[in-house]
Amino acid sequence: MKKVLLLLVLSFSFSFIFAQKNVIDKIVAIVGDEIILQSDIENAFLQQQGQGIISSSPDYKAEILEQQLVQKLLMAQAQIDSIIVSDEEVENAVSSQIEFFISNIGSQERLEKYFGKSIQEIKDDMRNPLKEQLITEQMQQKIVEKIRITPSEVRSYFKKIPKDSLPDMPDRYELQQIVLKPDVSEAEKERIREQLRSFRDQILKGEKTFNTLAVLYSEDASAPRGGELGYKSKKELDPAFAEAAFSLKPGKISKIIESEYGFHIIQLIDRQGEKINVRHIILQPKVSDTEKQEALNRLDTIRQYITDGKMTFEEAAYYFSTDKKTRNNGGLFADPQTSEARIARPDIPGDMAREVNKMKPGEISQPFISHTNGQEEYKIVKIKEFYPRHKANLDDDWQNFELMLKREKQMEKLEKWIKEKQADTYIHIDESFKDTKFRYDGWIK
């Protein structure tokens, strides 16, 4: 659950796009070392107005100010706790938001015309607000991470909900998958290794810099940044990649490393405690049409084993699937957004959804190609269970009620934290907001 309590975090992260040239700016609030400007409030108001976000409050700008005050409190604490986000995380967030904007407005050209800026200028404007949003999300997670829910608490919570207030649950599925990666020929792997050896030699001889070669050749989102990943812990990296990276000294370059994502050479930039910052060049072997077909044929054979009763789907997933996330739990596919086992039809990824739409509960799909995060996966899926639309009940929807209760307790924990931090943090509010009725009383001292 990556985005826990976003009701209290800003939806104004991209208000910079609506910047007004004629606003006479001034500081309207200070939280610790963080400031909030009048233009921040005005731009956020325009952005939310443009999205059709409407509040019942007669003083909507005061609500926006309080949202920003909360964010600045989180930012102040994040600095104390040394919470950081990597450049890669920021760039991925920027790219996702740009894709969202383009999908809604129709094209990059329309986006640039609408904002009166080039796509690069829009991206440049996005980075700092998005970085702040990612940091505050991590800070929220840290505040609420120790909250646990017991079965008895879930039962008590359910009993307190009036029967006429129970929600209607949509059609949902439990899906299983078996994923295969096509075999790559040794000749293709050697071609990749030879190219990386050439890059490594050029760097060591001073003919080219690591950054330049990464920008030109690395097959990764980090390429525009010279392959730099930002500070990462061991658990955030592929095991083989992490072992090689953590054994390096600053400036040194690794030998060729094979991970589940491809082949790399790595250069250590810096180490801070249990985290390192590295740059890398990754090349991914190309899969031939013959190898692709062989993967589909293997899946067809595995499917036949299951339908003939020679093994269960769960056994086949364990022995054959190359997907580390699902092979050990019977191939069970979790909702990408909530990590729940039951997934609503609209939330099933596109290629998988097309197969599920053809199937009935208990059926296994024909082998198909799925596109995930820019990579091709070859898979078969099974509808393990189908849960039709119904009034929510504890037997069928335990996870939902557990999640609802957890979110309530997280909100209570966060609200308690806000009140405590208000008391011991320097906060100054401009006179123009002195008579405002905020949700939390501790802003004005």
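Keep in mind that what you see is a predicted model, and the values were worked out from it rather than measured. (Residues numbered from 1 in each chain as written. Predicted model: local features only at pLDDT ≥ 70, side-chain atom pairs only at ≥ 80, totals over all residues. Heavy atoms only, no water.)

The next point concerns the overall build of the protein. Of regular secondary structure, the protein possesses 13 helices and 14 strands. C-alpha atoms of the protein, sized along the principal axes, occupy 70 × 70 × 45 Å. For the protein, the exposed area adds up to about 24,500 Å²; of that, 49% sits on carbon and sulfur atoms. For the protein, the distance from the average position of its 67 positive side-chain charges to the average position of its 74 negative side-chain charges is 2 Å. (Helix = DSSP H or I, 4+ residues; strand = E, 2+ residues; numbered from the N terminus. Areas by Shrake-Rupley, 256 points an atom, 1.4 Å probe, with all protein chains shown as cover. Lys, Arg positive; Asp, Glu negative; His and termini not counted. Charge placed at Lys NZ, Arg CZ, Asp CG, Glu CD.)

The domains assigned to the protein are domain 1 (26-145 + 406-431), domain 2 (171-181 + 286-387) and domain 3 (184-281). When each unit is reduced to the centre of its C-alpha atoms, the spacing between domain 1 and domain 2 is 38 Å. (Domains from an automatic or database assignment.)

For the rest of this paragraph, the subject is the sheet that holds strand β6 (residues 257-259). Taken together, 4 strands build an open sheet; the order of strands is β5-β8-β7-β6 and the sheet is antiparallel. The sheet terminates laterally at β5 (228-232) and β6, the two strands that pair on one side only. Taken pair by pair, the neighbouring strands of this sheet meet at an average axis angle of 45 degrees, ignoring direction. Sheet topology note: the strand β7 (residues 262-272)/strand β8 (residues 275-283) ladder contains 9 bridges and is antiparallel. Paired with D270 across the strands is N277, a residue of β8. Against the sheet, helix α7 (residues 186-204) touches β6, β7 and β8, its axis set at about 35 degrees to β7. (Pairing = 2+ DSSP bridges. Axes fitted to C-alpha atoms, helices over the stretch in contact; angles between N-to-C directions. Contact = heavy atoms within 4.5 Å.)

All right, on to the packing of helix α2 (residues 60-80) against helix α5 (residues 119-144) then. The N-to-C vectors of α2 and α5 enclose an angle of 75 degrees; their axes lie 9 Å apart at closest approach. Judged on the interaxial angle alone, α5 and α2 are roughly perpendicular. Across the interface between the two elements, Q71, K72, L74, M75, Q77 and A78 from α2 touch E132, Q133, I135, T136, M139, Q140 and I143 from α5. When its residues are assigned to classes, the contact of α2 with α5 shows 6 nonpolar, 5 polar and 2 charged. (Parallel < 35°, antiparallel > 145°, perpendicular 65-115°, else oblique. Nonpolar A, V, L, I, M, F, W, Y, C, P; charged D, E, K, R; others polar.)

A separate point is the environment of R342. Note on placement: R342 falls in the loop between β9 (332-333) and β10 (343-344). Spatially, the C-alpha atom of R342 lies 20 Å from that of S370, the residues being 28 residues apart in sequence. If we skip the residues at most four places from it in the chain, R342 touches R172, Y173, E174, D335, Y387, D396, D397 and Q399. Of the polar contacts made by the side chain of R342, one reaches the side chain of Y387; its length is 3.3 Å. (Polar contact = N/O pair within 3.5 Å; in protein donor to acceptor, adjacent residues only side chain to side chain.)

Okay, the sheet that holds strand β2 (residues 34-37) next. On the basis of which strands lie adjacent, the open sheet formed by 3 strands has the order β2-β1-β14 and antiparallel pairing. This sheet does not close on itself; its edge strands, each paired only once, are β2 and β14 (427-429). Sheet twist, expressed as the average angle between the axes of neighbouring strands with direction ignored, equals 20 degrees. Direction of pairing for strand β1 (residues 27-31) relative to β2: antiparallel, over a ladder of 4 bridges. Considered in β2, the bridge of I27 is made with L37.

Here β1 hands over to β2 after 2 residues, with G32 in that stretch at a positive phi of 60 degrees. As paired elements, β1 and β14 share 3 bridges and run antiparallel to each other. Pairing of I30 across the sheet is with H428, part of β14.

Here, UniProt's "domain: PpiC" (unreviewed entry) annotation points to residues 170-270 and 273-368. Helix makes up 35% of residues 170-270 and strand 26%, with an end-to-end C-alpha separation of 49 Å. End C-alpha atoms of residues 273-368 are separated by 44 Å, and the span's content is 35% helix alongside 15% strand. (UniProt positions renumbered as here; feature names shortened; annotations may be inferred.)

The subject of this paragraph is the side chain of H280. The topology assignment puts H280 in strand β8. With a relative accessible area of 4%, H280 lands in the buried category. A distance of 3.1 Å separates the side chain of H280 from the side chain of H264, its partner in a polar contact. Those residues in contact with H280, other than ones at most four positions away along the chain, are F210, A214, S218, D220, S222, G227, L229, F241, H264, I265 and I266. (Buried < 20%, exposed > 50% of the residue type's maximum accessible area, 1.4 Å probe, protein only.)

Here we take up the nonpolar core. Residues L65, L69, F401, I418 and W443 are the most contacted members of the largest nonpolar core, which totals 53 residues. Ranked by residue count, the leading element in this core is α2, at 9 residues. Among the nonpolar cores identified, the runner-up in size contains 14 residues, and I178, L296, A317 and Y378 belong to it. (Core = buried A, V, L, I, M, F, W, Y, C linked by side-chain atoms within 4.5 Å.)

Here we come to the pattern of salt bridges. On inspection of all chains with the given rule, the structure shows 25 salt bridges. Across the pair R172 and D397 runs a salt bridge whose closest N-O atoms are separated by 2.4 Å. Note that R172 is positioned in strand β4 (residues 172-180) and D397 in the loop between β13 (390-391) and α13 (398-424), a separation of 225 residues in sequence. Taking relative accessible area as the criterion, R172 reaches 4% and is therefore assigned buried. Of the residues examined, D397 reaches a relative accessible area of 1% and is grouped as buried. In this structure, E190 and R193 form a salt bridge, with 3.5 Å as the shortest nitrogen-oxygen distance. Here E190 pairs with R193, and both are found in helix α7, just 3 residues apart, close to one helical turn. Here E190 falls in the partly exposed class, since its relative accessible area comes to 34%. (Salt bridge = Lys/Arg side-chain N within 4 Å of Asp/Glu carboxyl O.)

Looking now at the packing of α5 against α13. Relative orientation of the contacting elements α5 and α13 amounts to 105 degrees, with a least axis distance of 9 Å. Taken as axis vectors, α5 and α13 run roughly perpendicular relative to one another. Contacts from Q140, I143 and V144 of α5 reach α13 at Q410, K413, L414 and W417. Within the contact of α5 with α13, the residues separate by chemical class into 4 nonpolar, 2 polar and 1 charged.

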